[in-house]
Amino acid sequence: MTSTAPSAVPAEPSGPDRPAAPGPVPDDALVLPDHVLAAAARPGPGPRFADPVWDVGPFLPRSNSERTIVFTSVADPVTALVLREYLYSRLRRGNSSLVRRGPMKLTGIFGAFQKARTVITTFQAVGARRLSEVTPEHLQAALERWQSVSAEEAALRVTAVKHLFAHGPFLTADRLLVNPWPGRSGHAVAGVVRDAENTTERIPEEIIAPLVKGAVFYVTTAGPDILAAQREHAELSAAHQTPRSCRGNGSARTRIEAYVAELRATGRGVPALPARQALRHPGVPVVDGVLQAPNVALVARLTGVAASAEVRRYLTEAAAELGYQVGGLRTAMSSWPGSGRPWRPGLGPLELATEVVQMRTACWIVIAYLSGMRDAEVRELAPDCAFTEDGPDGRIRHKLRGRVLKGRKLTGEEAEWVVLDVVHRAVALLAAVNDDPTHLFAHKGMTSNSLVLFGSVNRRLNDFRDHLNELFSTPDTPYVPLHTAAPAPDNDTPAHDESEGEEGEEECVPWRLNTRQFRRTLAWHIAHQPFGVVAGARQYQHAELALFEGYAGTSSSGFAAEVAAERAIAQLDYVEDLYRDWNDGHRTSGGAAGRVNAEFDRIRRELGDLPGIIASPARLRIMLQHLTKTLHPGILNDCFYQPSTALCAKRAKHAGRPLPLLTMCLTCPNARRSSVHLPRLTTARAQAQRPLDAPAGLSRLQTAALTTHIADLDHAIAELTATGTPDA
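All residue numbers refer to positions counted from 1 along the written sequence of the respective chain. Confidence filtering applies because this is a predicted model: local features only for residues at pLDDT of at least 70, side-chain atom pairs given and counted only at 80 or more, and all residues used for totals across whole chains, interfaces and linings. Only hydrogens and water are removed before side-chain values are computed, so all heavy atoms of the structure are retained for them.

Our focus in this paragraph is the overall build of the protein chain. When its secondary structure is counted, the protein chain shows 24 helices and 14 strands. Out of the 728 residues belonging to the protein chain, those deemed buried represent 44%. By definition, residues are in contact when any of their heavy atoms lie within 4.5 Å. Within the protein chain, residue pairs in contact and separated by at least 24 positions form 65% of the contacts whose partners lie at least 6 positions apart. For the accessible areas, the method is Shrake-Rupley and the probe is 1.4 Å, while residue cover comes only from the protein chains on display. With an accessible surface of roughly 37100 Å², the protein chain has 54% of that area assigned to carbon and sulfur atoms. Secondary structure follows DSSP: runs of H or I at least 4 residues long count as helices, runs of E at least 2 residues long count as strands, and numbering of each begins at the N terminus. Exposed residues in this analysis have more than 50% of their type's maximum accessible area, buried residues have under 20%, and partly exposed residues fall in between, with area computed by a 1.4 Å probe over protein chains only.

Structure follows, in structure tokens:
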């Protein structure tokens, strides 16, 4: 798609947005604004303007993967100075011509650097060596190049061009003299058609179900095994450091013989060298993926002897009888559910290190997917983030305390998430293996004592999926099944070359996981549960309900068959509960009560039910099935929708769709209330009364509206609490 070339605009329009150009920024000027320096956890001046590398890492959340801006990578000194001045200005000044008018958040500096650099490089490629030489024709040529990649790519670049022009008065080395596409947004110029639904892909049900099952298994079952193996390995390492004379009595031969006897008695093989060491032992055969050579170093630690050629010969002889096995630590592995076999063959030091990494990934999945937190919010959690509270119903609520970062100030804002108890178990598991005092997901590196934060999460998620398949697949079926269409590649993993298959064939490939898909998938599932949009808006820490609805998507965009079936079952369960409530003699009310109750009475006569007794539950569900087609469960009443009598349908003539109102639903002929609604009606009545009792006065119209609403609620409550025989 192309766009009309922009016309030239004078370089210095009048008005407050285009002040006169100031002098150059001093070389020793601090890059970061005062408010960023004041909020820093570790005080310091930060980088200075002329520094060849701007290291802003100490002022960013640790989950931010990018930490430095390297100006030495820009060969042209004029372009390098333009980029310095541009970033310096954006950190301090907004752009009133765009939606986001304020100064740039520090986390955006890396993207701004790359986008501006790309824009300048493109202008040079289309013939404008300097920004001041850019003409409308150059803008159009650059736009066409960006659009050839994608409309979304073009929109980002056009927005960067607009930022460069807006900050032109503060660029002393070079600047744009043409106002690019005035009055039009980057999306409009690039031809991006905005979708009301979030375009982040949802993980298919057949993928997410085994993935989460495997992650939960790691947290609840495999994790304790890994911790036990870690303790055993730590004890062996500590014993190995003691003087040999203090390790006990007996010759090396005696200890090795006793160890082999232990292996024989327990039906275990001789610990084999780890598979990853195959390249270091090219002559060693491999049988069923197991190197046919003893792990002498591990056996030496297990027995307290020195590794030697004699020990190797004896173990090789023993392996001729016992065979080899993976691992070698004595810690037993729990069973994989339903298989009757250990979840993995065994653990040695190298296998243990691998499993610790996989366990951290499993904890990330459990925490992220069962809380709805973003990746950065998960990895910024503190070790003491988990806590419990007593809910209003007396049940214990498991919660996480963290910080929401997106769309907030640089340090984020405190927030709480209600989670399942398994999330707390994941937190406890991480606290046991990680040793960072401030970050739950940080730990000492394997090659140094420096603390590192769990990173490259997209790659680790796909590695975890592959690891589950290695452990739990059957000969015919992978544990996490393949998908018939590959999603777009994530940010951490390069795209794979797509080989062209035969015409009409669908290629099955692994689903490419990324962090955003987990939040998106959970949001969509929550939105399709009763009252899910409201619950989801709270869970996702969105300020506006409409934003969550746009994020969670709509059912017209597709629904996994399994989820649709579960929703249909839940709907039928609810209708059955309504029937049982009516059959037990509880009162009902509302315009649809007579119609629905008459249908219930017909069903009871056909089934031969007695009040309080269900003769045939299976037949009952079949006969209630048709009622689910018009049922819409509600908080204060249920709607058995009939368009001919629905009050909301009358408003649809103007809006194009039914628009229910609370007071309208209370009096609608399609509404039905039962005992399940009584406590909610009572709560609604108390909430409506509260403003009337408050010291601050209400207007006459507000008072009248609340009084009328309370009267309607009192009437609805009275209908459900009246004494005497309920209507049939």
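Attention shifts here to the sheet that holds strand 13 (residues 638-640). One open sheet accounts for three strands, arranged 12-13-14; its pairing is antiparallel. The outermost strands of the open sheet, each flanked by one partner alone, are strand 12 (631-632) and strand 14 (671-672). Note that strand 13 and strand 14 share two bridges and pair antiparallel. Counterpart to Cys639 in the pairing with strand 14 is Ala671. Pairing between strands requires that DSSP locate at least two bridges from one strand to the other.

Examined against the element boundaries, Val25 turns out to sit in the segment before helix 1 (34-39). Remark: the alpha-carbon pair of Val25 and Thr172, spanning 147 residues in sequence, is separated by 9.0 Å. Setting aside anything within four residues of it in sequence, one finds Val25 in contact with Phe49 and Tyr88.

Moving on: helix 8 (residues 252-266). What a helix is expected to span follows from its residue count: subtract one and scale by 1.5 Å. Counted at 1.5 Å a residue, the expected span for helix 8 with its 15 residues is 21 Å, and the 21 Å between its end C-alpha atoms agrees. Taken together, the buried positions of helix 8 are occupied by Arg255, Ile256, Tyr259, Val260 and Leu263. The arc that holds every buried residue of helix 8, seen down its axis, measures 135°, which confines them to one face. Check the buried side of helix 8 and you find it contacts strand 3 (270-271), helix 9 (296-303) and helix 10 (309-322). Gly267 lies just past helix 8 and shows a positive phi near 75°. Think of it as the arc spanned by the lines of direction from the helix axis to the C-beta atoms.

Taken in spatial order, the three strands line up as 7-8-9 in an open sheet, and their pairing is antiparallel. This sheet does not close on itself; its edge strands, each paired only once, are strand 7 (386-390) and strand 9 (413-419). Pairs of neighbouring strands in the sheet enclose a mean axial angle of 40°, with direction left out of account. With seven bridges connecting them, strand 8 (residues 396-404) and strand 9 associate as antiparallel partners. Across the sheet, residue Lys399 finds its bridge partner in strand 9, namely Val418. Helix 13 (residues 421-433) contacts strand 7, strand 8 and strand 9 of the sheet and is inclined by roughly 55° relative to strand 8. All axes here are fitted lines through C-alpha atoms, helices being fitted over the stretch that makes contact, and every angle between N-to-C directions spans 0 to 180 degrees.

In this section: the environment of Cys648. The topology assignment puts Cys648 in helix 21 (residues 647-655). Linking Cys648 and Cys665, residues 17 residues apart in sequence, is a C-alpha distance of 8.0 Å.

Taken N-terminus to C-terminus, the directions of helix 19 (residues 593-607) and helix 20 (residues 617-624) make an angle of 145°; their axes are 11 Å apart at the nearest point. At the point where helix 19 passes helix 20, the crossing takes the right-handed sense. Every residue of helix 20 that contacts helix 19 at Phe600, Arg602, Ile603, Glu606 and Leu607 is listed here: Arg619, Leu620, Met623 and Leu624. Here the term charged refers only to Asp, Glu, Lys and Arg, the term nonpolar to Ala, Val, Leu, Ile, Met, Phe, Trp, Tyr, Cys and Pro, and the term polar to all other amino acids, Gly among them. In the contact of helix 19 with helix 20, the residues fall into six nonpolar, no polar and three charged. By definition, any crossing whose near helix is turned counterclockwise from its far helix by less than a right angle is left-handed, and any crossing with a clockwise turn is right-handed.

Viewed as axis vectors pointing N to C, helix 11 (residues 349-369) and helix 13 meet at an angle of 150°, and their least axial separation amounts to 9 Å. Classified by the interaxial angle, the pair formed by helix 11 and helix 13 is roughly antiparallel. Crossing of helix 11 against helix 13: the hand is left-handed. Along the contact surface, helix 11 presents Met359, Arg360, Cys363, Val366 and Ile367, while helix 13 presents Val422, Val423, Ala426, Val427, Leu429, Leu430 and Val433. By the definition adopted for this analysis, an angle is roughly parallel if under 35 degrees, roughly antiparallel if over 145, roughly perpendicular if from 65 to 115, and oblique otherwise.

What follows concerns the packing of aromatic side chains. Side-chain rings of Phe, Tyr and Trp (the six-membered ring for Trp) are treated as a pair once their centres are within 6.5 Å; stacked means planes under 30 degrees apart, edge-to-face means over 60, and tilted covers the remaining angles. Overall, the coordinates contain 19 aromatic pairs when judged by the stated rule. Judged by centre distance (5.7 Å) and plane angle (85°), the rings of Phe49 and Tyr88 are edge-to-face. In this pair, Phe49 sits in the loop between helix 1 and strand 1 (53-55) while Tyr88 sits in helix 2 (residues 77-90), placing the two residues 39 residues apart along the sequence. No difference in accessibility class separates Phe49 from Tyr88, as the two residues are buried. On the basis of an interplanar angle of 45° and a centroid distance of 5.8 Å, the ring pair of Tyr579 and Trp582 is categorised as tilted.

Moving on to unusual backbone geometry. Its identity as a non-glycine residue notwithstanding, Asp288 has a phi of 55°, on the positive side. Topologically, Asp288 is positioned in the loop between strand 4 (286-287) and strand 5 (290-291). According to the relative accessible area criterion, Asp288 is exposed, its value standing at 78%. Of note in the backbone geometry, Ser456 takes a positive phi value of approximately 50° without being a glycine.

Looking now at the pattern of salt bridges. Every case where a carboxyl oxygen of Asp or Glu lies within 4 Å of a side-chain nitrogen of Lys or Arg is listed as a salt bridge. Following the criterion strictly, the structure yields 25 salt bridges and no others. The closest approach of N and O atoms between Lys399 and Glu389, which form a salt bridge, is 2.8 Å. With Lys399 in strand 8 and Glu389 in strand 7, the pair connects residues that are 10 residues apart, well separated along the chain. It is possible to trace a salt-bridge network through shared partners that takes in Asp573, Glu576, Arg580 and Arg621.

Secondary-structure assignment places Leu81 in helix 2. Taking relative accessible area as the criterion, Leu81 reaches 30% and is therefore assigned partly exposed. Once the C-alpha coordinates of Leu81 and Ala50 are considered, the two residues, 31 residues apart in sequence, prove to be 9.1 Å apart. Excluding residues within four positions of it along the chain, Leu81 makes contact with Phe49, Thr172 and Ala173.

As a note on interpretation, predicted positions should not be read in detail where pLDDT is low. For the protein chain, per-residue confidence averages 81 on the pLDDT scale, and 80% of positions sit at 70 or higher. The pLDDT score gives, residue by residue, the confidence of the prediction method on a 0 to 100 scale. Counted against residues more than four places away or in other chains, residues 1-20, with its pLDDT under 50, gives 44 contacts. Overall, residues 530-537 carries pLDDT values under 50, and its contacts beyond four positions in sequence, including any with other chains, amount to 18 contacts.

When the terminal C-alpha atoms of helix 13 are compared, their 19 Å separation across 13 residues agrees well with the 18 Å that a helix rising 1.5 Å per residue should span. Along helix 13, the residues classified as buried are Val422, Val423, His424, Ala426, Val427, Leu429, Leu430 and Val433.

Before going further, it helps to spend a moment on the pairing of strand 8. The pairing of strand 7 with strand 8 spans five bridges and is classified as antiparallel. Considered in strand 8, the bridge of Phe387 is made with Lys399.

Moving on, we get to the state of the cysteines. The disulfide definition used here is simple: a pair of cysteine sulfur atoms within 2.5 Å. Tallied over the full model, the rule gives zero disulfides. Cys639 supplies the cysteine sulfur nearest to Cys668, a cysteine that is in no disulfide, at a spacing of 6.0 Å.

Let's shift gears to the nonpolar core. Core analysis: the largest hydrophobic core is formed by 82 residues, its most contacted members being Tyr218, Trp343, Trp364, Ile367, Leu400, Phe441 and Phe518. Among residues more than four places away in sequence, those in contact with Phe518 are Ile203, Ile208, Leu211, Trp364, Ile365, Tyr369, Leu461 and Leu513. Nonpolar cores are built from buried Ala, Val, Leu, Ile, Met, Phe, Trp, Tyr and Cys residues. Side-chain atoms within 4.5 Å join them into one set. Core analysis: the second largest hydrophobic core is formed by 54 residues, Ala29, Val56, Phe110 and Ala112 among them.

The subject of this paragraph is the side chain of His138. Note on placement: His138 falls in helix 4 (residues 136-149). Under this definition, polar contacts are N or O atom pairs within 3.5 Å; protein pairs additionally need one hydrogen-donor-capable and one acceptor-capable atom, and for neighbouring residues in sequence, both atoms have to be side-chain atoms. A distance of 3.4 Å separates the side chain of His138 from the backbone oxygen of Glu133, its partner in a polar contact. Residues within four places of His138 in sequence aside, it is in contact with Phe123, Val126, Gly127, Ala128 and Glu133.

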